[in-house]
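A structural walkthrough
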Amino acid sequence: MELSSPLIFEPLFMERVWGGRRLETLFGKRLPQCARIGESWEIVDREEAQSVVHEGPLRGTTLHELWTEHREVIFGRGLPDSPRFPLLCKLLDAQERLSLQVHPPAAVAESLGGEPKTEMWYVVDALLDSDLYAGVVPGVTRESFDEAIHEGRVADQIHKVPVKKGDAIFIPSGRVHAIGAGNLIVEVQQNSDTTYRVFDWNRIGPDGQRRELHVAESLESITFDDVEPVFSDVSSGELLVECEHFRVERWHVTAPRSAGVSDRFAIYTVVEGAVQFAGREFAPGSFFLVPPGLSGSELKPVTEQVTVLRTTVP
């Protein structure tokens, strides 16, 4: 099998109580009418959610089929021997702030009946006074946190930081976190969907009820010595985040640039401007997967300012 173009998948839109419509107004995505869309799952291989190739000779093929039947050709050699594609890539539109939550570390995930989930966020757009919540403030312990939950002052225990366009932060499993209102974010994560909500700002859901919380599981999962984490240093170089699960770089494409000589795939996300690759133009909000056979092809800027994220597996 020889491919002459990157793979483009159909997004899966997820309605969320905190979602909005900016994926439509900023990126031109065709959202379901009269729905608050909080997430667009752009590349996913899960039993309950499956990416499908949008066009070309592989149109209609699922990501799972590609991963299990054509792994070396599409994704390269030496990749994890996992039953499913190991990453999940999303766009998040937080019209309202998300619940305060945590994903279980590997050491406790199985005993809690969940999956570990490490992720990173890149802020594509942020409204005035937007913020993020990550980690705890100094002096917080499991006991003081538990007490604060029952007294309704848990927000005082969380490290809150103002955020702007272009910021990036690493969220390892165990780091308590939340996305503040007004943020539009690219999320790259392990292929997992386990989230424990510890506090939901006393919000009432569409059914008129408060959403379920997972306080006991959260207390088991939170890393309480994770004090005041900082944003990734994006002042020099291109690397935003690197861990055992993924590597994410930010490229400012000012001239034609090779996609990178590699024996593995790369996922590109256009976050600013427009770029051309393999004869196809990609606008902001676009995701495309480049197989190893196309790694020598060039990204060509179409607009003056072009910024893309490049995601690979170490």
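Bear in mind that the values here come from a model prediction, so they are computed numbers and not experimental data.

Before going further, it helps to examine the packing of aromatic side chains. With the rule as written, the count across this model stands at 12 aromatic pairs. Seen from their ring centres, Trp67 and Phe85 are 5.6 Å apart, and the 80 degrees between their planes marks the pair as edge-to-face. Within this pair, whereas Trp67 is found in helix α2 (residues 63-69), its partner Phe85 is found in the loop between α3 (71-75) and β5 (87-94), the two being separated by 18 residues in sequence. Here Trp67 falls in the buried class, since its relative accessible area comes to 0%. Look at Phe199 and Trp201: their rings are 5.3 Å apart centre to centre, the planes differ by 70 degrees, and that puts the pair in the edge-to-face class. Overall, Phe199 belongs to the buried group, its relative accessible area being 14%. An aromatic cluster of three or more residues is present, and its members are Trp251, Tyr268, Phe277, Phe282 and Phe288. Above the ring of Trp201, the side-chain terminus of Arg97 is found at 3.8 Å from the ring centroid. Positioned above the aromatic ring of Trp251 is the side chain of Arg257, whose terminal nitrogen or guanidinium carbon lies 3.6 Å from the ring centre.

This next bit is on the sheet that holds strand β12 (residues 183-190). Strand order in the open sheet made by the six strands is β1-β2-β5-β12-β7-β10, with antiparallel pairing throughout. The open sheet has two free edges, formed respectively by β1 (12-20) and β10 (168-171), since each of these has just one partner strand. The sheet shows a mean angle of 25 degrees between the axes of neighbouring strands, taken without regard to direction. The pairing of strand β7 (residues 119-126) with β10 spans four bridges and is antiparallel. Looking at β10, one finds that Tyr122 is bridged to Ala168.

Examined against the element boundaries, Arg153 turns out to sit in the loop between α5 (142-151) and β9 (158-162). Through-space distance from the C-alpha of Arg153 to that of Phe199 is 9.9 Å; in sequence the pair is 46 residues apart. When near neighbours in sequence (up to four residues on either side) are disregarded, Arg153 contacts Glu147 and Ala148. Side-chain polar atoms of Arg153 contact the side chain of Glu151, separated by 2.6 Å.

Right, let's get into the nonpolar core. Within the largest apolar cluster, 40 residues are counted, with the highest numbers of intra-cluster contacts made by Leu7, Phe75, Phe85, Met120, Tyr122, Val186 and Leu289. When near neighbours in sequence (up to four residues on either side) are disregarded, Phe85 contacts Ile43, Asp45, Leu63, Trp67, Phe75, Asn191, Phe265, Ile267 and Leu289. Within the second largest apolar cluster, 18 residues are counted, among which are Val154, Ala178, Ile222 and Phe224.

All right, on to α5 then. Considered for burial, the residues of α5 that qualify are Phe145, Ala148 and Ile149. Seen end-on, α5 carries its buried residues on one side only, within an arc spanning 105 degrees. The exposed residues of α5 that point more than 90 degrees off its buried face are Glu143 and His150. Elements that come into contact with the buried residues of α5 comprise β9, β13 (196-199) and α6 (215-221). A positive phi of about 75 degrees marks Gly152, the residue just after α5.

This part takes up the sheet that holds strand β15 (residues 247-252). One open sheet holds the five strands; their spatial order is β14-β15-β22-β17-β20, and the pairing between them is antiparallel. The open sheet is flanked by β14 (239-242) and β20 (287-290), the only strands paired with a single partner. Direction aside, neighbouring strands of the sheet carry axes that sit 20 degrees apart on average. Bridge count between strand β17 (residues 266-272) and strand β22 (residues 307-312): five bridges; the pairing is antiparallel. Each bridged residue has a counterpart across the sheet, and for Tyr268 the counterpart in β22 is Arg310.

The next point concerns the pattern of salt bridges. Taken as a whole and assessed by the stated rule, the structure comprises 29 salt bridges. Notably, a salt bridge pairs Arg280 with Glu55, separated by 2.4 Å at the nearest N-O pair. You can see Arg280 sitting in strand β19 (residues 280-282) and its partner Glu55 sitting in the loop between β4 (49-50) and α2, a full 225 residues away along the chain. Because the salt bridges share partners, they merge into one network encompassing Arg36, Glu96, Asp200, Arg203 and Arg211.

So, on to the pairing of β12. Within a regular beta strand, the side chains point alternately toward one face of the sheet and then the other, so they alternate between its two faces. Burial analysis of β12 places eight of its eight residues in the buried class, the great majority of the element. As judged from the eight bridges shared by β5 and β12, these two strands associate in the antiparallel manner. Its bridge partner lying in β12, Cys89 is registered against Val188.

Criteria and thresholds
Counting from 1, residues in each chain are numbered in the order their sequence is written. Given that the model is predicted, a residue must reach a pLDDT of at least 70 before its local features are reported, and side-chain atom pairs must reach 80 or more before they are shown or counted; all residues, however, enter totals for whole chains, interfaces and linings. To get the side-chain values, take all heavy atoms of the structure and skip hydrogens and water. Only centres within 6.5 Å qualify two rings of Phe, Tyr or Trp (six-membered ring in Trp) as a pair; their planes then separate them into stacked at under 30 degrees, edge-to-face at over 60, and tilted for everything else. The helix and strand labels rest on DSSP assignments: H or I over at least four residues marks a helix, E over at least two residues marks a strand, and numbering proceeds from the N terminus. Buried residues are those whose accessible area, probed at 1.4 Å on protein chains only, stays under 20% of the maximum for their type, while exposed residues exceed 50% and partly exposed ones sit between those limits. In our convention, an over-ring charge means Lys NZ or Arg CZ found within 6 Å of a ring centre and within 35 degrees of that ring's normal. A strand pair is defined by DSSP finding two or more bridges across the two strands. Lines fitted to C-alpha atoms define the axes, with helix axes restricted to the stretch in contact, and inter-axis angles between N-to-C directions lie between 0 and 180 degrees. Here, two residues are considered to be in contact whenever any of their heavy atoms come within 4.5 Å of each other. As used in this structure description, the phrase polar contact means that two N or O atoms lie within 3.5 Å; if the pair is within protein, one of them must be able to donate a hydrogen and the other to accept it, and residues adjacent in sequence are counted only when both atoms belong to side chains. Here, nonpolar core refers to any group of buried Ala, Val, Leu, Ile, Met, Phe, Trp, Tyr and Cys residues whose side-chain atoms link them within 4.5 Å. Note that the arc is defined by the directions from the helix axis to the C-beta atoms. What makes a salt bridge here is a side-chain nitrogen of Lys or Arg within 4 Å of a carboxyl oxygen of Asp or Glu, nothing more.

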